[in-house]
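Chain residues, written in single-letter form:
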Amino acid sequence: MDDDADLMRRIAGGESNAFRTLVERYEKTGYNFFLRLTGNPEDAEDLTQELFVAIFRSAGRYRAEAPFKAFFYRIASNLSASHLRKRKLRAAPSIDEMVERGFDAASTRHEDDPALSLGGREMRRRYEEALSDLPRDWRIALELRVTGELTYEEIAAAMGKSVSAVESILVRARERIAEKLDDR
Amino acid sequence: MDCRNVRRMVSRELDGALDGAGRADLESHLASCAGCRRFRDLSLAGLSIHRSVREADPPLSLLPSILAAVEVGPRWGWIHGWLRVAVPAAAAAAAVFGVWIGGLMHESYAPASAGNQTDVLELTYLGEYPPGSLGDILMTSNGGGGDEQR
């Protein structure tokens, strides 16, 4: 299978098939990243389209030394930040709403799942609320880490921050969430 | 070890970035600190909730719309790029042409010499003023010239 860097090189050379392959490989990743952050399928669709158009147009500037994932999420993060800035008054979606709009709650749960052992549905509600109250950059960093599974270095590259700043953001985000989850 | 550092270690643990030595230090602290234990439990719960949402499939229309967008994009981009050069060039050419035409008109209509009062007067009286207009009134009040025009 072609690796991402090679695909980008071929896209820069004008191969439309290479671009199609890249979109097929990453459209679900991009769409879900935006859907989690915006909670709106139409917005997620528009942003995913913008993301791939931006990747297509900047293919010539892509350097293979940098991981494609970091390049991909850097553009995605910028688009998300811009979108969330414009719509900062809009609350983040609840997980129930996200399920209604297309997300599929995992059906396989373990009995020792802390989400259930600590109070199930009420915990979910508090988590959603805590997530929606986080500053924009914190939410993006958390999403890049948890959903995108980026390393601290990759998140730093994607968000244009230092590694220590990213780590601090993640710690503070988790502290803020833990405070909201704590019912005592 | 203070709790602030321990929470950083918990965060690293959640991210799979805590080494063996760090893990031992963490467990040692957690054994004696209920607050940090609670933080770890809640953070694990949050992570579990976050991961419990499964990915959605994008709409089938997404792929074709992306491909269509980049097919249109470069074409419009080329036209846009061309216009960015052509419009200023056309404006500059129009300005040069205007200056050139202005120069020609100046040569055609300017008096042959500054002292030739007749030429200037002839230019002044070229037009016929409509009856009752300001020009007509002025010409009539100055006497002679206006009558000759009519």
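Just above sits the structure.
Being a predicted model, the structure only gives us computed values, none of them experimental.

Colleague: Can you walk me through the overall build of chain A in this structure?
Modeller: In terms of helices and strands, chain A carries 10 helices and one strand. For chain A, buried positions account for 51% of its 184 residues. Intrachain contacts of chain A at a sequence separation of at least 6 include 63% that bridge at least 24 residues. About 9,000 Å² of surface is accessible on chain A, with carbon and sulfur atoms providing 46% of the total.

Colleague: I'm lost on the nonpolar core in this one. Help?
Modeller: For soluble globular proteins, the rule of thumb is that nonpolar side chains tend to be buried together. Residue and element names in this part refer to chain A. Membership of the largest hydrophobic core comes to 75 residues, with the highest contact counts inside it found for Met 8, Leu 51, Phe 52, Ile 55, Phe 68 and Leu 144. Here this core gets 10 residues from one element, more than from any other, and that element is helix α2 (residues 16-38). Contacts of Met 8, omitting those with residues within four sequence positions, involve Leu 22, Ile 55, Ala 59, Tyr 62, Phe 68 and Phe 71.

Colleague: Teacher, can you tell me more about the packing of aromatic side chains here?
Modeller: Aromatic ring pairs are defined here through the distance separating the ring centres and the angle between the ring planes. Tallied over the full model, the rule gives 12 aromatic pairs over all chains. Pairing A:Tyr26 with A:Phe68 gives two aromatic rings, centres 5.1 Å apart and planes at 50 degrees, and the pair type is tilted. One end of the pair, A:Tyr26, is in helix α2; the other, A:Phe68, is in helix α4 (residues 68-86), and 42 residues separate them in sequence. Judged by relative accessible area, A:Tyr26 falls into the buried class, the value being 15%. The positively charged end of B:Arg7 is found above the aromatic ring belonging to B:Phe39, 5.0 Å away from the centroid.

Colleague: Mind showing me how you'd approach helix α2 (residues 20-30) of chain B here?
Modeller: In an α-helix, one turn spans 3.6 residues, which is why side chains three or four residues apart end up on the same side. All names here are of chain B. Taken as a whole, α2 has its buried residues at Gly 22, Leu 26, His 29 and Leu 30. Seen from one end, α2 has its buried residues packed into an arc of 95 degrees, which puts them on one side. Counted as exposed and oriented over 90 degrees from the buried face of α2: Gly 20 and Ala 21. Buried residues along α2 sit in contact with α1 (3-14) and α3 (34-51).

Colleague: Just to check I follow, could you spell out the side chain of A:Glu27 for this structure?
Modeller: Topologically, A:Glu27 is positioned in helix α2. Among buried Asp, Glu, Lys and Arg side chains, A:Glu27 stands out as unpaired, with A:Arg20 the closest opposite charge at 8.6 Å. Those residues within four positions of A:Glu27 in sequence are excluded, and the remaining contacts are A:Thr48, A:Phe52, B:Pro58, B:Leu62 and B:Leu63.

Colleague: What should I look at first to understand the interface of chain A and chain B in this one?
Modeller: Tallying the contact residues gives 53 residues for chain A and 39 residues for chain B. One can count seven salt bridges joining chain A with chain B. Between B:Arg8 and A:Glu167 there is a salt bridge whose closest N-O contact spans 3.5 Å. Connecting chain A to chain B are 17 residue pairs in polar contact (both at pLDDT 80 or more). Contributions of two or more residues to the side of chain A that touches chain B are made by α2, α3 (41-57), β1 (104-105), α6 (114-117), α7 (120-133), α8 (136-146) and α10 (163-181) of chain A. When residues of the side of chain A that touches chain B are assigned to their parent elements, the largest contribution, 11 residues, is made by α2(A). For the side of chain A that touches chain B, the residue count by class is 23 nonpolar, 10 polar and 20 charged.

Colleague: Any chance you could explain the side chain of A:Glu167 here in plain terms?
Modeller: Note that A:Glu167 resides in helix α10. Under the relative-accessibility criterion, A:Glu167 is labelled buried at 7%. Not counting residues within four places of it along the chain, the set of residues in contact with A:Glu167 comprises A:Tyr152, B:Arg8 and B:Arg12.

Colleague: What am I meant to see in helix α1 (residues 4-12) of chain A here?
Modeller: All names here are of chain A. When we look at burial in α1, the residues that qualify are Asp 4, Leu 7, Met 8, Arg 10 and Ile 11. Down the axis of α1, the buried side of the element spans an arc of 165 degrees, and every buried residue falls inside it. Note on α1: the residue one or two positions beyond its end, Gly 14, has a positive phi of about 95 degrees.

Colleague: Mind showing me how you'd approach the pattern of salt bridges here?
Modeller: When their charged atoms lie close together, side chains carrying opposite charge are able to pair. One pass over the full model with this rule turns up 20 salt bridges over all chains. Its salt-bridge partner being B:Glu13, residue B:Arg23 comes within 3.4 Å of it at the nearest N-O pair. Remark: B:Glu13 occurs in helix α1 and B:Arg23 occurs in helix α2; sequence separation between them is 10 residues. Several salt bridges share partner residues, and in doing so they unite A:Glu122, A:Arg125, A:Arg126 and A:Glu129 into one network.

Conventions and cut-offs
- All residue numbers refer to positions counted from 1 along the written sequence of the respective chain.
- Chains and ligands are labelled by the order in which they are written, letters from A for the one and numbers from 1 for the other.
- Confidence filtering applies because this is a predicted model: local features only for residues at pLDDT of at least 70, side-chain atom pairs given and counted only at 80 or more, and all residues used for totals across whole chains, interfaces and linings.
- Each side-chain value is derived from all of the structure's non-hydrogen atoms; neither hydrogens nor water enter the calculation.
- Helix and strand labels come from DSSP, where a helix needs a run of H or I of at least four residues and a strand needs a run of E of at least two; each type is numbered from the N terminus.
- A simple rule labels every residue: compare its accessible area, found with a 1.4 Å probe on the protein chains alone, to the largest value its type can have, and call it buried under 20%, exposed over 50%, or partly exposed in between.
- In this analysis, two residues are considered to be in contact whenever any of their non-hydrogen atoms come within 4.5 Å of each other.
- Using a 1.4 Å probe, accessible areas were evaluated by the Shrake-Rupley method; residue-level cover was limited to the displayed protein chains.
- To define a nonpolar core, start from buried Ala, Val, Leu, Ile, Met, Phe, Trp, Tyr and Cys residues and group those joined through side-chain atoms within 4.5 Å.
- Here a Phe, Tyr or Trp ring, Trp counted by its six-membered ring, pairs with any other such ring whose centre lies within 6.5 Å, and the pair is stacked when the planes are under 30 degrees apart, edge-to-face when over 60, and tilted otherwise.
- Both a distance and an angle decide whether a charge sits over a ring: NZ of Lys or CZ of Arg must be within 6 Å of the ring centre and within 35 degrees of the ring normal.
- As used here, the arc belongs to the directions running from the helix axis to the C-beta atoms.
- A positive count includes Lys and Arg, and a negative count includes Asp and Glu. His and the chain ends are not counted in either.
- Any carboxyl oxygen of Asp or Glu that lies within 4 Å of a side-chain nitrogen of Lys or Arg is treated as forming a salt bridge with it.
- In protein, a polar contact means a hydrogen-donor-capable atom and an acceptor-capable atom, both N or O and within 3.5 Å, with residues adjacent in sequence counting only if both atoms are side-chain atoms; elsewhere, any N or O pair within 3.5 Å suffices.
- When residues are sorted by character, Ala, Val, Leu, Ile, Met, Phe, Trp, Tyr, Cys and Pro go into the nonpolar class, Asp, Glu, Lys and Arg into the charged class, and all the rest, Gly among them, into the polar class.

Note that every value here comes from positions in space, so none of it alone points to a role or purpose.
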